[in-house]
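# Examining the three-dimensional arrangement
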Amino acid sequence: MKSVICVIMAVFLALPVWAEPVVPGLFRVSGVASNDVLNIREEPTVRSPILSAYPFDARGIEVVGYNETGRWAKVGLGERNGWVAAKFLTADTSAAPLGCFGAEPFWNLTIDAPDARYEGVDTPRITMNVVRAQSRLPDVSGVAAFDLDGIDYAMSAIIRPRQCSDGMSDRMYGWGIDLMIHRAATPTDGPTHLAGCCTLQGR
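First things first, this report covers the structure right here in the doc. Small disclaimer: the values here were computed from a predicted structure and weren't measured.

Turning our eyes to something else, we now look at the packing of aromatic side chains. A full pass over the atoms with the stated rule returns 2 aromatic pairs. Ring geometry for F101 and Y173: centres 5.0 Å apart, planes at 70 degrees, overall edge-to-face. In this pair, F101 is assigned in strand β8 (residues 98-102) and Y173 in strand β14 (residues 172-183), connecting sequence segments 72 residues apart. The exposure classification of F101 matches that of Y173, with both residues buried.

Here is the structure:
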């Protein structure tokens, strides 16, 4: 009996274990023939309708999650999400700007170190310097922090990987942001807090 148990354990330990890559993150298509494409499906199954497709050499694909088996990767597609076969994706190490945004009020922030650009409903487009970065996206799976400095504004951004909705579409994003805005003209009023989502594909 002991020998049977040992054999079973040996077989179990020899089985490959699927390790989910760190997400959200950027990926590229890999293992698809040059005359073929990687289909983006409505649901994580080969029987689901095809929404669109990536070329065989597509890069900069943002994955925000996986299904329960890890065989399908959740990607952004316009105002919704789609699913692609995860086995055809490989981590993409190319640098990408981080695009963050929110509603009520509407605002946009692009962090592309060493620069950052912000625009809001009552704020004209301004350019700032990234003066401190606690960690660099997309190479982290924990909290990232940025300090931004401009002529009339200073900002602090705390960014965490989480499922984030923009409140206006069916698409889920992979990063959430808390943005604190300090205005030099009114330092005694305290900072303004904004919350929103971020994407590695820019906006």
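Moving on: the nonpolar core. Generally speaking, soluble globular proteins have nonpolar side chains that are buried together. Counting residues in hydrophobic clusters, the biggest one holds 25 residues, and the most contacted among them are L109, Y118, M155, I159, I177 and L179. Those elements that place two or more of their residues in this core are β8, β9 (107-112), β10 (115-120), β11 (123-133), β12 (144-149), β13 (153-165), β14 and β15 (192-199). Excluding anything up to four places from it in sequence, L179 contacts W107, L109, Y118, M155, S156, A157, T192, H193 and L194. Judged by nonpolar contacts, the second largest core, of 15 residues, contains F27, L38, Y66 and A86.

This brings us to the state of the cysteines. Evaluation of the coordinates by the stated rule reveals 2 disulfides. Residue pairing for C100: its cysteine sulfur links by disulfide to C198, the two sulfurs lying 2.1 Å apart. Of note, the bridge from C100 to C198 carries an S-S torsion of about 105 degrees and is right-handed in sense. Within this pair, whereas C100 is found in strand β8, its partner C198 is found in strand β15, the two being separated by 98 residues in sequence. The exposure classification of C100 matches that of C198, with both residues buried. Across the disulfide from C164 sits C197; the S-S distance is 1.9 Å. Linking C164 and C197, the disulfide has an S-S dihedral of approximately -80 degrees and is accordingly described as left-handed. Residue C164 is located in strand β13, and its partner C197 is located in strand β15; the two are separated by 33 residues in the primary sequence.

How each quantity is defined
- For every chain, the first residue of its written sequence is number 1, and the numbers climb from 1 along that sequence.
- The model is predicted, so local features are restricted to residues of pLDDT at least 70 and side-chain atom pairs to those at 80 or more, both for listing and for counting; the totals for chains, interfaces and linings are taken over all residues.
- For side-chain calculations, the full set of non-hydrogen atoms in the structure is used, while hydrogens and water are omitted.
- Centre distance within 6.5 Å is the pairing criterion for rings of Phe, Tyr and Trp, where only the six-membered ring of Trp is used; planes under 30 degrees apart are then read as stacked, over 60 as edge-to-face, and the remainder as tilted.
- In this description a helix means any DSSP run of H or I spanning at least four residues, a strand means any run of E spanning at least two, and both kinds are numbered starting from the N terminus.
- Relative accessibility thresholds used throughout: buried, under 20% of the residue-type maximum; exposed, over 50%; partly exposed, between the two (1.4 Å probe, protein chains only).
- We define a nonpolar core as any set of buried Ala, Val, Leu, Ile, Met, Phe, Trp, Tyr and Cys residues linked to one another through side-chain atoms lying within 4.5 Å.
- Throughout, a contact is declared for two residues whenever any of their heavy atoms are within 4.5 Å.
- The rule for a disulfide is simple: a pair of cysteine sulfur atoms within 2.5 Å.

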